[in-house]
Every structure is written in C-alpha cells, then in structure tokens.
Amino acid sequence: MLIDFTFGGRLKVPLIVSPMFLVSNPPLALACCSRGVMGSFPAHSTRTREVFSDWLQDMERGLAEMDSPAPYAVNLVVHPTNERYPGDLDLCIQHKVPVVLTSKGAPDDVFNRIHDYGGVAFHDIASARHAEKAAAAGADALIAVCAGAGGHTGTINPFALLNEVRQVTDKPVILAGGMSTGQDILAAQAMGASACYFGTRFIATRECLSDDVTQQMMIAATAKDIFFSAALDGAPANWLRPSLINEGLNPDEIAAYAPGKRVMNQAAKARYSKIKSAGHGVGMIQSVESAANLCDRIIDEYVRARMSFGESLKDSPVSEMG
Ligand SMILES: Cc1cc2nc3c(=O)[nH]c(=O)nc-3n(C[C@H](O)[C@H](O)[C@H](O)COP(=O)(O)O)c2cc1C
C-alpha cells in the first residue's frame, strides 16, 4: 500500500507526536490533530480496557467537532507477553483507529487485520534486521527509532540506520530520535524519511499527563542529563539523570554494570512514574506551553526552513555546476 503522508491534505506537516507512556492522552492527541499534526497515545497508558475504550470514544467525539482534523494513532505492543494485546487490537478494529503504531515482537496477522478495516500500521524498528522482518510481515511504514530517542531507544546513528534500512526495503521510513524543530523535519526528509516522530519535545505541554515537577525537570535538563542504560528494565532506554538520583539510584554505578545486569532497587519499579524518560532533544524544552501553540510553531518553522533552504541551495556548488 502506498502511504500518502499528507493523509489527504489533513497533515500540515509530516509529523507524528509519538506515543508516550504516562504522558500522552486524548487531550494531547486532540490538540495536535486540531493543528494538522498526527497525535497519538499508547493503549497501555490506560489501566483497563474500559478506560482504553473511553479514550477512543473521547478521540471520536473530539475529532467530530473539528474541521478537517489530522488522523490520530494508537500504539499497540504486539508481543505475546502483552496480555492485553488481543482485546486491545479488537477495540482498535471496532473503532477503526486510522493509524496503529505497532511495537515490539513479531506480529502475526496484525497487519492484515488492520488493513481489513482500512487502517494503516507503522512498526517500530531499531535495526535493518527488524526492518526486514516488519516489511516482510506487511507493515506500511517503519518507525526508525535511532540513538538519542526518549523511552526505549535505538542505539544506531540515524544516517547509518536509514542507509542500512534502505539496503533491505523501500518501505517509507518515519525517523525518530532527538528531533524538535520544523527544520529537523526538513532535514529528515532530505535524508529520505517520509515523516518524523517527536516525543520528548511534547512532554512539557499543558494538555498531557506530565506533572509540574516533571515538566520543570525537563526545562532544566539538557542532553548531558540523559542517561542511557538497559539496566532498569532490560531494554536500552534513555532516562533523566536527576530523576534517577531522586529515587536513590547512582547513574555512575549503574553505568558500570555488566550487560544484562538489572537494577534490583525497588525504585526501578518506578520507571516512567518517578524515574522519568526523555531523549537527547530535551534541551529544546524551555517552557510549558499548549501543544496547539507548539504544533503551530513547528509548522511555521518547517515552512520557513523549506523556503530558506531552497534559497541557500541556489548558492551551492552543485547548482553552479548545473
Ligand atoms: C516518557 C516517554 C514514554 C514513552 N513511551 C512509549 C510507549 O509507551 N510506546 C512507544 O511506542 N514509544 C514510547 N516512547 C518512545 C516515543 O514513542 C518515541 O519513539 C520517542 O519519544 C522519539 O524520540 P524523542 O523523544 O527524542 O523525540 C516514549 C518516550 C518517552 C520520552
């Protein structure tokens, strides 16, 4: 299936505000969709299937009140260890969720079931091998999660990952990790990506679930405060150093752990609730603002970047040669 990344002109910029556990919710997703940016949330941010069903209804009601909103997306962990997966997928099918962001594991017939109701599925990948498997299984696009992303992160540089992915598949790629501005979206397109995934940039928005303390921590942080480790839950992830220290963990000690060793501290159970995650782009968060304003600014930056980049190319050596 060929994906139109403007979704029939409803996306003003090729941007998905990515799903973030205990951060994203319907108000954040709706604010983004209202401005022409795809909003999303993870199904597993809801405590029960009933709450998930309520969130889907909130989305439908909210979007029905808007004029030509962007489509929304839901993140589903499609791994056998996720006990809620089959029932949550049934709910996505029932509500015809326009875009399903599948992550983890090897999906069985999930992509066929999404296509059957007219939905599309974008699958998280962090290596060319993952990309090959997801493309063969029928994903419509690949979310390339690169080094520096918030949450469970990839470890590969974006140029290197995109180039390797291109050797195994021509599926569209959505680039993720460390991006914050409209200019970043243009740069990703120049690298061959069809769209971008911004998470961290939206943690300090009024609509989302993050509390004041978390948002102030994000404002105070820069890339140097991001601590990479798989020791908290076994998967490579980026954590906010001050939040680890607040929970009695010593990042320098954890950094010396042998691969595979896990943090045994009770505090490790407080991942996302007390131990906060963010990506390398955290330094671009300078205030708490509405997601709608932030989307408008990113769209404006993107339009300006396109114009000024076009101008700057006129002076480049290649155009002189041409
Ligand atoms: C606090 C936080 C929670 C996250 N939770 C999820 C999640 O539940 N599901 C998911 O697919 N990705 C999750 N992510 C990863 C994002 O969807 C996305 O890949 C990442 O934020 C992109 O990198 P960036 O944060 O540098 O923009 C999370 C990221 C953050 C920062």
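Before any of the text, the structure's been laid out above.
From a predicted model like this one, the values you see are computed outputs, not experimental measurements.

J.: Give me the nonpolar core: which residues, what numbers.
T.: Within the largest apolar cluster, 92 residues are counted, with the highest numbers of intra-cluster contacts made by F7, V74, F122, I174 and F202. If near-sequence neighbours (up to four positions away) are discounted, I174 is found in contact with F5, I16, F122, A141, L142, I143, A144, A195, C196 and Y197. Counting residues in hydrophobic clusters, the runner-up holds 13 residues, among them A237, W239, I254 and Y272.

J.: Describe the packing of aromatic side chains, naming the residues involved and giving the relevant values.
T.: Enumeration over the complete set of coordinates arrives at 5 aromatic pairs. When the ring of F5 is compared with that of F122, the centres are 5.8 Å apart and the planes differ by 35°; the resulting orientation is tilted. Of this pair, F5 sits in the segment before β1 (15-17) while F122 sits in strand β5 (residues 120-125), and the two are 117 residues apart along the sequence. For F5, a relative accessible area of 12% translates into the label buried. The interplanar angle of 65° and the centroid separation of 5.3 Å between the aromatic rings of W239 and Y272 together place this pair among those described as edge-to-face. Within this pair, whereas W239 is found in strand β11 (residues 237-240), its partner Y272 is found in the loop between α10 (251-255) and α11 (291-314), the two being separated by 33 residues in sequence. Like W239, the residue Y272 is buried in the burial classification. The ring of Y257 carries K261 above its face, with NZ or CZ at 4.1 Å from the centroid.

J.: Go over unusual backbone geometry, please, and point to the residues and values.
T.: In this structure, K96 takes a positive phi of about 45° despite not being glycine. Note on placement: K96 falls in the loop between α3 (85-94) and β4 (99-103). A relative accessible area of 53% places K96 in the exposed class. Located in the positive-phi region is Y272, a residue other than glycine, with phi close to 75°.

J.: An account of the sheet that holds strand β9 (residues 195-198) is requested, with residue identities and associated values reported.
T.: Overall, parallel pairing links the 8 strands, which are arranged β1-β9-β8-β6-β5-β4-β3-β2 in an open sheet. If you trace the sheet from one side to the other, it starts and ends with β1 and β2 (40-42), each paired once. Averaged over all neighbouring strand pairs, the angle between strand axes comes to 25°, with direction disregarded. Relative to strand β3 (residues 73-77), β2 runs parallel, the two sharing 3 bridges. When the sheet's bridge partners are listed, P42 is paired in β3 with N75.

J.: Before we move on, can you summarise the sheet that holds β11 with the specific residues and values?
T.: Two modes of strand pairing occur in sheets, parallel and antiparallel, and in both the strands are linked by backbone hydrogen bonds. In space, the 3 strands of this open sheet follow the order β7-β11-β10, with antiparallel pairing throughout. Where the open sheet ends on each side, the last strands, each with one partner, are β7 (151-152) and β10 (226-229). Here β7 pairs with β11 via 2 bridges, running antiparallel. Residue H152 lies in a different strand from β11, and its bridge partner there is A237.

J.: I'd like a description of the side chain of S290, backed by residues and values.
T.: You can see S290 is positioned in the loop between α10 and α11. Here S290 falls in the buried class, since its relative accessible area comes to 14%. Beyond its immediate sequence surroundings of up to four residues, S290 is in contact with T205, R206 and E207.

What counts and what doesn't
- Residues numbered from 1 in each chain as written.
- Predicted model: local features only at pLDDT ≥ 70, side-chain atom pairs only at ≥ 80, totals over all residues.
- Heavy atoms only, no water.
- Core = buried A, V, L, I, M, F, W, Y, C linked by side-chain atoms within 4.5 Å.
- Buried < 20%, exposed > 50% of the residue type's maximum accessible area, 1.4 Å probe, protein only.
- Contact = heavy atoms within 4.5 Å.
- Phe/Tyr/Trp six-rings, centres within 6.5 Å; stacked < 30°, edge-to-face > 60°.
- Helix = DSSP H or I, 4+ residues; strand = E, 2+ residues; numbered from the N terminus.
- Lys NZ or Arg CZ within 6 Å of the ring centre and 35° of its normal.
- Pairing = 2+ DSSP bridges.
- Axes fitted to C-alpha atoms, helices over the stretch in contact; angles between N-to-C directions.

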